[in-house]
Amino acid sequence: MQLVSKAKSFGGEQRVYRHRSEATRTDMDLAVFLPREALEGFVCPTLVYLSGLTCSWQEITMQGLPQMHAAKHGMIFVAPDTSPRGEQVPDDEHYDLGQSASFYIDSTEQPWSEHFQMESYLTKELPGLLLEALPVDEDAIGITGHSMGGFGALMLALRHPELFHSVSAFAPICNPTHSVWGRKAFEAYLGEDESVWEAYDPCLLVQERGWEGDILIDQGLADEYFEDQLEPWAFEKACRKAGVELTLRLHGGYDHYYHFIASFLADHFEWHADRLAE
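Position labels on residues start from 1 in each chain and follow its written sequence. Given that the model is predicted, a residue must reach a pLDDT of at least 70 before its local features are reported, and side-chain atom pairs must reach 80 or more before they are shown or counted; all residues, however, enter totals for whole chains, interfaces and linings. Water and hydrogen atoms play no part in the side-chain values, which are based on all heavy atoms of the structure.

## Side note on the pattern of salt bridges
Thinking step 1. By definition, a salt bridge exists where a carboxyl oxygen of Asp or Glu is found within 4 Å of a side-chain nitrogen of Lys or Arg. Per the stated rule, a full pass over the model turns up 13 salt bridges.
Thinking step 2. A salt bridge links Arg25 to Glu114; the shortest N-O distance between them is 4.0 Å. Here Glu114 lies in the loop between β5 (76-80) and α4 (118-133) and Arg25 lies in the loop between β2 (12-20) and β3 (27-34), a separation of 89 residues in the sequence.
Thinking step 3. Residue classification places Arg25 among the partly exposed residues on the basis of a relative accessible area of 47%.
Thinking step 4. It is possible to trace a salt-bridge network through shared partners that takes in Arg36, Glu37 and Glu40. Counting from the N terminus, the helices are the DSSP runs of H or I reaching at least four residues and the strands are the DSSP runs of E reaching at least two. Only protein chains enter the accessibility calculation, which uses a 1.4 Å probe. A residue is then buried if its area is under 20% of the maximum for its type, exposed if over 50%, and partly exposed in between.

## Brief notes about the pairing of strand β4 (residues 44-50)
Thinking step 1. For β4, the buried fraction is high: six of the seven residues fall into the buried class.
Thinking step 2. In terms of strand pairing, β4 meets strand β6 (residues 136-145) through six bridges, oriented parallel. Each residue of the ladder has a partner; that of Thr46, found in β6, is Ile141.
Thinking step 3. Here the rule is simple: two strands pair whenever DSSP picks up at least two bridges between them. Where β4 lies against β5, three bridges are found, and the strand directions are parallel. Residue Leu47 lies in a different strand from β5, and its bridge partner there is Phe77.

Given below as structure tokens:
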């Protein structure tokens, strides 16, 4: 990984790296915060954060202040990009498909399949790069995310429990096979066969595979997408059926965006720090 920039922050360093990805066949940027312990060479637990539609790693690192919370818990914080980018990468005129809207899955359909291989990137390629370059504890990696990234966090944790040992989400797309965002993305990236989509729906995954630990979700009740796109109650019902402990916190007055995330980000760091220490 090539170091693009670094800045001192809360006793650690906020860095940006760039590397050539074999999975996406593009250059990929990612933000990494290293706490003081990591800079001194100590192996640290790591929290991966997946951003939502229209975003990249920049919004959470600049608006969420994750560095303060990561420094408090001695955690490495990793924020990958939301999709491959570049002139050669296909895109769409609408915000909910194409660049910045990968849904963190491996596409099988044209024109997306050549570059949109984000599940492979996040679960096969990126962990190896991080372990090689940074003092990451491979047995203490958690994942969280917001909206599309919250969906990605739930989906990837449930599909790859050997890699991710704790999971939480902010206003996630919980039931994508029933939401406009999810159905549009799945049809474009995975094709028209809806039975294929089921392998990526957190509601169906948790019933089929379960989860050994517990899950935290925060959701604002003033979120404009709460009822027609996110459907946290569907995931709550699925967790009850599967016997999985879910903490679903509903917050009056909070919307979908970064003031909401920043308000509860400290709780998520503490959640992951406790579970990754076990």
